[in-house]
Structures are given as structure tokens and as C-alpha cells.
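# Close look at the chain arrangement
As a plain string of letters, each chain reads:
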Amino acid sequence: MDASWGFFKYLGALNSWAMQFQKISGLIKPLTRRWVTWWKKQTPNRQDRVALLAPMGAVAIFLLTIISSVGYLRYEEMERDQESVQRDLEYANQKIRLHLLEQQERMMKLARDVGGEKLSVADFDKQSSDLIKQYPEISAILWVDEFRRVKAQASSSSLDMFHLHRQDTWLDYTETEDTYSLAKELRQAIFSPPIAIKPREKMGQTETQIQFHIPMSNNTQFKGVVMVEYSIDGLLRYTVPAEITARHAVALVDGNNTLLAGQSIKPRTGMWEYSPWESKSYEYIVPISTIGNSLQLRAQAYRTSQVLIGSGLFWLVMLLSGMTTWMLIGTWRHTRRRLQAQQALITETNFRRAMENSVLTGMRAMDMNGRITYVNAAFCQMTGWSEAELVGASSPFPYWPDEDREMLSIKLSDQLNGRTTLSGFQIRVRRKNRTIFDARLYVSPLIDALGQQTGWMTSMTDITEPNKIREQLSASHERFTTVLEALDASVSVSPLGSAELLFANKLYRQWFGNQGKGHLELVSQAGTLPLNESQNLDNVDDLVGMPTHNLTQARTENAEVYVPELNKWLEVRTRYFNWVDGRLAQMVISTDITARRMAEEQAALQSERAQSASRLITMGEMASSVAHELNQPLTAISNYCNGMLTRLQGNQITEDELKVALEKTSRQAQRAGQIIQRIRSFVKRSETNRVNTAVAPIVAEAVDLADTELRRRQVKLSLFVSDRLSKLHIDPILIEQMLNNILKNAAEGVEHAQRPPDQRHVELQVVPKEVEGQDVVEFSVSDSGTGMTPEVMERVFEAFYTTKSEGMGIGLNLCRTIIESHQGRMTAENIYNGKLIVGGRFSFWLPASKTLIPL
């Protein structure tokens, strides 16, 4: 029962330690989480983690057990020390109590005799002296009458002369006065609290004593007290057994635990205060029951050497524990290495098994006696026999055909005797379903880790398909030769730089005979084209890797040559390749193109006539385009001039306003000139003047140009341009003119629809967008007109198609051409409110540059 209670007390101590190390555990938790993360990465397999955690868990449990056992034993040792202090202190207290009780009886008898006037002063002195000699802890015995006057006294020889109460003197201590009054009032023997007696002069030291007042009375009349003064130091020295003071620091203290006499052990501070192995100075305090709570007996255990730590058995256990821990850690490391090696072996085995299962080559292993020890999946799939049916089988094997068994037995015997060839040998193999296929076997010795041959490894390849392919190739060669013979072009092959004719088809033989002279003539005529000196030398031609000293200047391009002997134009094509014997050969294919050359000459004459007519049509288109595009800047110039003239006549224009209007008129005239230059360049199919241009200035110019037309038609423009747009690599003049054309068409559409004034509006939106994975800028012009019919929608971008009486039908066609030349797209659509058409929308987008600019 005591052991269980001690164990629970030990658990409580551990709990207090856990609270003290709570801050440290807060720092350990992140490290623990990191270690767990690292551990999971190192061992992704859960079974491996369990296998590795078992030795680690054993180490942790073992260390925890050892630490707990040592801590528990240490705690038990400290409990025994504390119990020893309590036991010894109780014994000392009992001794003091019995000693004081014995003295009290003697002192009370003395007080009765003095109160009954049975003793004179001389008798009192004699008995008091005897008592002081018998009890050395008594420093003085006084006879104090009812007037607080010392009538007689006996003192110890060791008492300081300055502390003596002289006869016929008065009591001079307040504590004594209080105790005297209390004893007089209660008529009971009373102990005073500890009294510090100061020296009357500078020499001497303060002495603490305790007084015992025994009241004297004659019948009911108070006659004074017998006052016994005890020295606190003497009381401790003469009443506490010496064996107890030798084992513990015994002291007498007051009610506030202030040291009065004896020894005291100062507590150790700093890190030693929290050390679990530090020997604590346990103290135990009991009041002296005879005197009361004003005087207490305290005992403190001395810090002795740690018997547990200093014992050889402890260090032997610790040594064995360290060795066990080291062995467990070694086991854990060995287990980890073994698991790593096992994992690597499993990975390598799975890799080799997967590699063996993925190949189409059958693998078979035999021992030195010709018994099958291993077959892979491909071998089983080829033969149709399972691994269980083949492993362990001996000659004759089940996949041998019955008619080939004798021959295969001889080959197996040669194989077992080491008579094999590196090229392998071909056999026939019978499947389990009785079908036959051709196979080629390659045999190599099987060597173990000691360098000893343990068997033979055979690889088997199914060559049924290659044999079929070889037969098919032979038939195909025959068919190919037949085709070449039937070609309407001559084909000849000759070694490079030689007149030997390796191959010639029927038409070549008809034209040039069986000699290679015709081949060389065609090559020489086709190879007279000079090389371009400005050609980039870094380009790799078709002849790379071939010897150049024997090559002519014949190119792989087609060459047209005229052969006077045949009176024919021939298209000659040459190609170099390696002949079947490895020699470099040149093949020449000549096709009769005489009829085509005659047709080309006729076509050239027709082309000249067509070009003349085309130039006339082009000039008409260009004139129409110029007239259409110039109409807008010229209209703007006319509007500016009319406005200035009107305001000049009415004296409503200042010089600055006139200057601004003239600058705008000049800019429109320059725009007209630029339009003529761009349209002419566009008709000539020349490249446009494209630069990286911001979107906002183009939109502002186009809106400014179309503003007059919009106000004339009483159409309100709503403009929305995104805050940040990428630059566009465009010709700004063409895009600005095209945007102006679309705005003008929108205004005309709104006017044609005859909408009320509050519904006559056009909206222009310019926003970034992503089309087909690229960043673009989309321009969208919406109007509140009548939209377009399906017929108009189908032909809206067709050239010379228009719905206007005065239109030419080239504006939108030219707009789409400009957008497409900038790698953009343009679309047209109707705006619906349910099924009702409420307007139209023309949209186009242009690819954006990488640079973003603010509006």
C-alpha cells in the first residue's frame, strides 16, 4: 500500500515536471513535425515505416523505463529521507515534552512550598541551585513577589553577568511583565513567548530565552510567582538527542519560523533548484506541545551524497542500459539499411521483371542437365504453355514437334556440350494448340556470382513474320521490277563516275540501248547548272556525308534538257543512294515533257494577253478605292472650310481658333496624300508601314474624323476604351481610316433606320481579349439601325457589293483585306432583342504586342 501511494506521489511529481517543461515542448513540436515529414519522405511505404519504427519504439520504451525506474527509486529514497526526518523530529519532540513535564512537576512543588511559606530564602536558593545543576538548560530560577520584586534568585554559572536579575530589583522586560500579569490573572503556570535579552552594555551578545511563570498563593491570596528562565540554546543542546543532531540540522524557531537556536541549511538557488537529482533539504516543524506554538522544533535533512547515483549497482545498470540502447540503435540502423536494400532489390527485381515481360523475346534458362529452371512471360506466350508446365521439364520438351525431335535432341546435346554458334540456329516450335511457328534460338552460358557456370540461357525470337516478310519482299521486288519496266519514264542506275549500268528499265533501253552512255549524257546536261556564290554556306545539302571528289555538279532539283538524238525535251531527276553492294550509285529518271513544253509556250502567249487585261482591271479598282477613301478627308476639309467661312462672315472666330481649324484642315490634306500613297502601295502588294502604335491615339483620331459626320446625322457616339491596352504592330493610317469608315457606315445605318433622336446612337468599344491562345485588342462598333438581312450578311464583305444607291461596294471588302493583312479577323453580326433585330455590329481584332501601355 505504501509503495503504491509512493508511486502515485511520484506520478504527481512527474506531472509538475511536465508543466515546467511545457515551454520546451512548444519548441520541440515544430521539430517533431519536420522530422515526421522527413520520415514519411524517406519511407513512403507504410510497412517499411512500421518495420523501422519497431526498433525505435523499443529504444524509446527502454529508455523511458530506465529513466522512470531510476527516477522512482530516487523519489523513494527522498521519501525515506523525509520520513526519517519526521520520525526523528517526533522523537526529539517527545523527549523535550517529557523532560519539560518532569521539570514542571518539580517547579510547581517548589512554588507550592514557597507559597505556603514552608521555605525560606536560603532554602529556596539551595533547592533552586540543585535544580539548575540537575537541569543545565535552566539559566535562572527567581522568586518574584506580588509587587514584581525579585525576592530571591539562583542562576547558572554560565549565565552572563549582565543578564542576571539582582535581588530586590524590579522586573524590567515588557514580555516578562505581560506573562507575569497573565499568570496572576489566570492563576496557572504559563510559558512566555521567546524573549530576546539584549546586553546592558556593548559587550556581550543577544540571548534568547523562554520564561515559565508558576503562580504562588496562600489560600486565595496571590503571593507572586516562581519564574524559571530557560535558555533556548541550552534547551536544544541538552534535551535533543545527540544522534538526531548528528543526522539533521535541528533548530528551535518561533511561530514565524525565525531561527532562535540551532542550525539552518540555506536552500540552493539557480539551476540547482530545478535539478531532479539535486538532494533537497527537507524540513519538518512541530510545535513543542508543553510550551505551545510560540516555540517550535524544526529539523532539516543534511544534503548527503546521492547513494543511488554513487552506487556501483546504479552505474552497472546504466552501463548495461547504454549498451542495450546502443544495440537497439544498431538494430534500428541495420533494419533501416536492410529495408533500404530490400526496397532497392524489390525495385530492381520489379524493373527486371517488367523489362522481361515487356520484351517480345522469349527467355529460357536450363541447368547443366538440360532441365528448364526458368521461362519468362514472352516464352510462355509464344509456346502457349504455362510456366508451371515448362519449369522442371526435361528433353523432349513439350513444344518440340514430333517430326523434329531427333534433330532437336542433337542440337540440345551440342548446346549442353558447349558447341554453340553466336549467330544462333533456326528451329520449328509447336504451340500447345498444335500450330507451328519458326523461331531462332541464341544460347549463352549462365554464370553465377562465383564465376561458375550453372546452366544455359536461351533467347528465342519468333521469325515467322520476318520469313513471311522476306518472301513478300521477294514478290514485291518482282512486282516493283514489273512496274518499272512499264513506266513511261526511263530509269537508269549507274555507279558514281562509272559507265557501268546497274539497272535500266524498258524505256531507257529503247532510247539509249544497254550502254551507260545515255545515262552519263543526261547527268552531264542536267549538272551544268552553276552554283549560286551567294548561297549561305551554313545550309546542308542533300549530298552531305558523301565523297565529293567523285560527285558532279548535278543537283537534286529537276532539270529540263533537250536531246537532239531523240528530238525530245526530257525532265531529268537525279538521286544518290547506296547500292545493294554498298557502292555509291546515282539514279536518273527521265520523263518525256515535249508535249508539256509546247503547252507552256501556248500558255505564255495567253498569259501576256491576260496580264494586259488584268492591268486595266487593277487600275479601275485602284481608282475606285482612291475615290472612296479620299471622299472622307475631302469631306472633312470641306466641312472645316465652310465652318471657318461662316464664322469669319459673322466675326465669330478668333485668330487662335482659326489657326486650330487651319491646322486640322492641313492635317486632313496630309491624310489624303497618305491615303493615296497607302492605297497605291496596297494595290502593288507592297508591305505596309507598320510600327508599334498605341491604341488610344488611333481611336481619338478616328473619332475626331467621324465626329462631323455623326453630328450631321444627329447620331450620338458612346466610347469605351479599356484603361490598359497593349501596343499594336500596325499601319496606323490604314487602321484609322478603316475605323473611320466603319463609324461612318454605322451612322448611315442609324439614319436609314429613321430612329427617334433618343435612339440614334453608335457605340465603340476597345477592350483586350484572348483569341485562340493569343492576346488581342478587339474593336467593336455597334449601331441602333435595322441590321442586315441574311442575303446582305452573306455578301457584306464581297467586292463591288453594296446596298447604297451611291455606294461602290469596296469599303468593307477593303477593310477586311487590311485587317487580314495585319493577321487579324473581321466579323459582322446582328443585335437581337429576342427575335427582333435592333441593330448591327462590326468587330475586328488585331494581335497585341507584348508591351502594355496606359491609356
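Up top you'll find the structure we're talking about.
Everything in this summary refers to the structure shown in the same document. Keep in mind that this is a model prediction, so the values were computed, not measured.

What follows is about the overall build of the protein. Scanning the protein for helices and strands turns up 21 helices and 27 strands. The buried share among the 855 residues of the protein stands at 37%. Within the protein, counting contacts between residues at least 6 apart in sequence, those at least 24 apart form 60% of the total. When the accessible surface of the protein is summed, it comes to about 50,900 Å², and 55% of that surface belongs to carbon and sulfur atoms.

Taken as a whole, this structure holds twelve aromatic pairs when the rule is applied. Ring centres of Tyr180 and Phe222 lie 6.0 Å apart, and the angle between their planes is 75 degrees; this geometry places the pair in the edge-to-face category. Note that Tyr180 is positioned in helix α5 (residues 174–186) and Phe222 in strand β6 (residues 221–231), a separation of 42 residues in sequence. Centroid distance Phe397 to Trp400: 5.2 Å. Interplanar angle 80 degrees. Geometry classified as edge-to-face. Each of the two residues, Phe397 as well as Trp400, counts as buried. An aromatic cluster of three or more residues is present, and its members are Phe379, Phe397, Tyr399 and Trp400. Here Arg597 stacks its cationic end above the ring of Trp569, 3.8 Å away from the centre of that ring.

If you walk through the whole model with that rule in mind, you get three cavities of 30 Å³ or more. Put simply, the largest cavity is a space of about 90 Å³. Along the walls of the largest cavity sit Arg364, Phe397, Tyr399, Trp400, Leu408, Lys411, Leu412, Gln415, Phe425, Ile427 and Leu441, which together make up its complete lining. For the lining of the largest cavity, the elements supplying multiple residues, two or more each, are α12 (405–416) and β13 (425–430). The element contributing the most residues to the lining of the largest cavity is α12, with four residues. Of the residues in the lining of the largest cavity, the class split is eight nonpolar, one polar and two charged.

Time to look at the sheet that holds β13. The strand order across the open sheet formed by five strands is β12-β11-β15-β14-β13, and the pairing between neighbours is antiparallel. Strands with a single pairing partner mark the edges of an open sheet, and in this sheet they are β12 (372–375) and β13. When the angles between neighbouring strand axes are averaged without regard to direction, this sheet yields 35 degrees. With six bridges connecting them, strand β11 (residues 362–367) and strand β15 (residues 453–462) associate as antiparallel partners.

Within the secondary structure, Gly115 is located in helix α3 (residues 46–115). Judged by relative accessible area, which is 0%, Gly115 ranks as buried. On a C-alpha basis, the gap between Gly115 and Asn219 in space is 8.9 Å, while along the polypeptide they are 104 residues apart. When near neighbours in sequence (up to four residues on either side) are disregarded, Gly115 contacts Met216, Ser217, Asn218 and Lys223.

For the peptide bond that leads from Ser395 to Pro396, omega is 0 degrees, which places it in the cis range. Within the secondary structure layout, Pro396 lies in the loop between α11 (387–390) and α12. Positioned with a positive phi, Glu772 is a non-glycine residue whose angle comes to about 55 degrees. Secondary-structure assignment places Glu772 in the loop between β24 (761–771) and β25 (774–783).

On to the pairing of β13. Sheet topology note: the β13/strand β14 (residues 436–447) ladder contains six bridges and is antiparallel. Paired with Val429 across the strands is Phe437, a residue of β14. A loop of five residues connects β13 with β14, the two strands running antiparallel in sequence, and Arg434 in this loop sits at a positive phi of about 75 degrees.

Below, the discussion takes up the pattern of salt bridges. Going through the model one piece at a time under the given rule, you end up with 25 salt bridges. A salt bridge links Lys126 to Asp130; the nearest nitrogen and oxygen atoms lie 3.7 Å apart. On the criterion of helical spacing, the pair formed by Lys126 and Asp130 is a turn pair, its members being four residues apart in helix α4 (residues 121–134). For Asp130, a relative accessible area of 40% translates into the label partly exposed. If you follow the salt bridges from partner to partner, you end up with Glu560, Glu571, Arg596 and Arg597 in one network.

Conventions used here
- Residues numbered from 1 in each chain as written.
- Predicted model: local features only at pLDDT ≥ 70, side-chain atom pairs only at ≥ 80, totals over all residues.
- Heavy atoms only, no water.
- Helix = DSSP H or I, 4+ residues; strand = E, 2+ residues; numbered from the N terminus.
- Buried < 20%, exposed > 50% of the residue type's maximum accessible area, 1.4 Å probe, protein only.
- Contact = heavy atoms within 4.5 Å.
- Areas by Shrake-Rupley, 256 points an atom, 1.4 Å probe, with all protein chains shown as cover.
- Phe/Tyr/Trp six-rings, centres within 6.5 Å; stacked < 30°, edge-to-face > 60°.
- Lys NZ or Arg CZ within 6 Å of the ring centre and 35° of its normal.
- 1 Å grid on protein atoms, 1.4 Å probe; cavity = no way out; pocket = protein on both sides within 12 Å on 5 of 7 lines; lining within 4 Å.
- Points joined across faces, edges and corners; volume = space filled by probe spheres on them.
- Nonpolar A, V, L, I, M, F, W, Y, C, P; charged D, E, K, R; others polar.
- Pairing = 2+ DSSP bridges.
- Axes fitted to C-alpha atoms, helices over the stretch in contact; angles between N-to-C directions.
- Salt bridge = Lys/Arg side-chain N within 4 Å of Asp/Glu carboxyl O.

These figures come from the coordinates and say nothing about function on their own.
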